[in-house]
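# Observations on the model geometry
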Amino acid sequence: MNPKAASQHMDKIVSLCKRRGFIFQSSEIYGGLNGAWDYGPIGVELKRNLKNYWWRMMVHEREDVVGMDGAILTHPEVLTASGHVGGFSDPMIDCRSCKAHLRLDQLIEKKGIKQCPNCGGKDLTEARQFNLMFETHLGAAADESSIAYLRPETAQSIFVQFKNILEVSRKKLPFGIAQIGKAFRNEINPRNFTFRSREFEQMELEYFCRPEQGMGLLEYWKEERLRFYENIGIPRDKLHVKAVPDEERAFYSKGTYDIEYDFPFGVQELEGVAYRTDYDLSQHQKASGKSLEYFDEEMKQKFIPHVVEPSAGVDRTVLALICEAYAEDEAPDEKGKMETRIVLRFHPRIAPIKCAVFPLLKNKEPLVAKAKEIVDLLRPHMYIFYDESGAIGRRYRRQDEIGTPFGITVDFETMGEKDPKLRDTVTLRERDSMKQERVRISDLLQLLSMRIA
Ligand code: GAP
């Protein structure tokens, strides 16, 4: 997509997200807080479905992974040992002409001269290191002794709790600890909607293993993660695997893959899968003085486990899901005239609302009562939306725009008025094809459960 078309496409997506309650700018009525976003009633469902499916695939469907939920406030010694206090920074420069603060890699270069991407200015400051961590103070004393940090990644609490979790879970290597939660980075330039935010969520797995298993598990987890994205509706041909070259990799990593997605604004990272060796556990063992070794009973060997880490961004994946699902096609309006339809073609598994239920007419009491019976039947099993207002075509369109995969309509045939054989059947409409099938109410639960699993 050329830059102008990409920007127009993103504008449509951002506008739909606001209009239909996916994502709002944080503190909007006060002018907005840069790099922070609030998820609305539909967005929060999408985000939850994504996190639940990650948890299902990475924890519940496996024997070798357990979960945890760590604190956001982090002891400064944890982040000193991990290298974040000393080195978690981006090189930053200022443009003296337009006063923009920029990351060094955002500068453009023309005829070998670096320029500001905003104003083209060449009067730039020297690069200086800018630490991305948010510092805060615990308790009343705002001095050195009270410093704590908002975690810049969820991973460190997993490493710090490694020994406790090993003991309580009684797992043997290889095994993993998974976590989903907030992370904070004072990004110099938040941009591309939610793509680079200052507050975001991560879904991370630290998979501990013997040293000789590390490289093989790096390949294994790369493939598992690609399978995950396909299972949530991101096709393989829109995903790119980049083997991160030696010079760009953290010094302790023996191999890293970036899984990237074709966003409208370019191919960008969704997730990193990194073989981090024994770096983190070794650092924490050294700094805390507490043993983080593992005793292999079969080999009668004590050693610090190595780790492979698939680390994905929740917000980036939500954005990829919306970008992937967004489509415009043609559908007939009430009078049969073709009009443009905006539709989000989410995989039913992650769609915010699974099914909408409509009585054909809201002033026909038997239709309304039957529709409400169906809602009661399905509601314990999936998120259902009941809507009786407006023409049926409009009601379908409203659901198409938020990606609801199925719509059930209760009509006069349901009441057996035209043909007694059709009593207690409804129409089931599929969002993408707009095709309708006649289905028995008693079959609905099983049929829908199979399609959204
Ligand atoms: N524990 C490893 C780690 O944090 P990372 O590559 O810095 O690695 C992992 O982050 C993932 O977290 C990224 O692939 C991305 O999806 C997400 N992420 C990182 N910074 C982000 C930001 N500023 N806004 C949104 N998501 C971000």
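I will try to describe carefully the structure that is included in this document. All of these numbers come straight from a predicted model, not from anything done at the bench.

## With respect to the sheet that holds strand β16 (residues 266-277)
Strand order in this open sheet of 7 strands is β3-β12-β13-β19-β16-β15-β14, and the pairing throughout is mixed. At either end of the open sheet lies a strand with only one pairing partner, and these are β3 (65-67) and β14 (239-243). Averaged over all pairs of adjacent strands, the angle between strand axes in this sheet comes to 25°, irrespective of strand direction. As judged from the 5 bridges shared by β14 and strand β15 (residues 255-263), these two strands associate in the antiparallel manner. Note that in β15 the partner of K242 across the bridge is D258. Sitting on the sheet, helix α6 (residues 162-169) touches β3, β12 (175-184) and β13 (199-209), and the angle it makes with β12 is about 135°. Across the sheet, helix α9 (residues 314-325) lies against β12, β13, β15, β16 and β19 (306-313), angled at about 35° from β15, the strand it touches most.

## With respect to the packing of aromatic side chains
Applying the stated criterion to the full structure yields 20 aromatic pairs. Aromatic pair W37 and F193: ring centres 5.0 Å apart, planes at 85°, arrangement edge-to-face. Residue W37 is located in strand β2 (residues 37-39), and its partner F193 is located in the loop between β12 and β13; the two are separated by 156 residues in the primary sequence. The exposure class of W37 is partly exposed, given its relative accessible area of 24%. Judged by centre distance (5.4 Å) and plane angle (80°), the ring pair of F358 and Y396 falls under edge-to-face. On the criterion of sequence distance, the pair formed by F358 in strand β22 (residues 355-359) and Y396 in helix α11 (residues 392-402) is long-range, its members being 38 residues apart. Here the two residues F358 and Y396 agree in accessibility, since each one is buried.

## Overview of the site of the ligand
Contacts to the ligand come from 20 residues, most closely from E153, S197, E204, E269 and L270. Between a nitrogen atom of the ligand and a side-chain N or O atom of E309, the distance comes to 2.9 Å. G313 places a main-chain nitrogen or oxygen 3.0 Å from an oxygen atom of the ligand. In the complex, 88% of the free accessible area of the ligand, which totals 550 Å², lies under the protein chains. Among the elements of the structure, β13, β16 and β19 are those that each provide at least two residues to the shell around the ligand. Sort the elements by how many residues they give to the shell around the ligand and β16 lands first, with 5 residues.

## Digging into the pairing of strand β20 (residues 326-332)
Each regular strand displays side chains that alternate between the two surfaces of the sheet. Of the pairings in the sheet, the one linking β20 to strand β21 (residues 338-344) comprises 7 bridges and is antiparallel in character. Following the sheet pairing, A331 is matched in β21 by E339. Between β20 and the antiparallel strand that follows it, β21, lie 5 residues; G336 among them carries a positive phi value of about 85°.

## What to know about the environment of H306
Here H306 is to be found in strand β19. The class for H306 is buried, based on a relative accessible area of 8%. Each C-alpha atom of the pair H306 and E223 lies 19 Å from the other, and the pair is 83 residues apart in sequence. In contact with H306, not counting residues within four places along its chain, are Y207, F208, C209, P211, Y275, T277 and D278. Side-chain polar atoms of H306 contact the side chain of Y275, separated by 2.6 Å.

## Some points on the sheet that holds strand β9 (residues 128-131)
Here we have 3 strands laid out as an open sheet, ordered β6-β5-β9, and antiparallel in their pairing. Strand pairing shows two members of the sheet lacking a second neighbour, β6 (101-103) and β9, which therefore form its edges. Neighbour-to-neighbour, the strand axes of this sheet turn through a mean angle of 50°, independent of strand direction. One ladder, built from 3 bridges, connects strand β5 (residues 89-94) with β6; its direction is antiparallel. Considered in β6, the bridge of M92 is made with R103.

## Brief notes about the pattern of salt bridges
Under the definition given, this model contains 43 salt bridges. Salt-bridge contacts for R196 lead to E187; the nearest nitrogen and oxygen are separated by 3.9 Å. You'll find R196 and E187 in the same group, each marked buried. With its nearest N and O atoms 3.1 Å apart, the salt bridge here joins D400 to R429. One end of the pair, D400, is in helix α11; the other, R429, is in strand β25 (residues 425-430), and 29 residues separate them in sequence. Salt bridges linked by common partners bring D329, E339, R341, R345, R397, D400, R429, R431 and D432 together as one network.

## Things to note about helix α8 (residues 279-288)
Among the residues of α8, those classed as buried are Y279, D280, L281, S282 and H284. Where the residues of α8 are buried, they touch α3 (76-81), α5 (155-160), α6, β13, β16 and β19. Phi turns positive, to about 75°, at G289, one or two residues after α8.

## A short note on the nonpolar core
Among the nonpolar cores identified, the biggest contains 57 residues, and F22, Y229, I322 and F346 are the most heavily contacted of them. Every residue in contact with F346, bar those within four places of it in the chain, is listed here: F22, L46, L321, I322, A325, A351, P352, I402, G403 and R431.

About the thresholds
- Residues numbered from 1 in each chain as written.
- Predicted model: local features only at pLDDT ≥ 70, side-chain atom pairs only at ≥ 80, totals over all residues.
- Heavy atoms only, no water.
- Pairing = 2+ DSSP bridges.
- Helix = DSSP H or I, 4+ residues; strand = E, 2+ residues; numbered from the N terminus.
- Axes fitted to C-alpha atoms, helices over the stretch in contact; angles between N-to-C directions.
- Contact = heavy atoms within 4.5 Å.
- Phe/Tyr/Trp six-rings, centres within 6.5 Å; stacked < 30°, edge-to-face > 60°.
- Buried < 20%, exposed > 50% of the residue type's maximum accessible area, 1.4 Å probe, protein only.
- Near = heavy atom within 4 Å.
- Polar contact = N/O pair within 3.5 Å; in protein donor to acceptor, adjacent residues only side chain to side chain.
- Areas by Shrake-Rupley, 256 points an atom, 1.4 Å probe, with all protein chains shown as cover.
- Salt bridge = Lys/Arg side-chain N within 4 Å of Asp/Glu carboxyl O.
- Core = buried A, V, L, I, M, F, W, Y, C linked by side-chain atoms within 4.5 Å.

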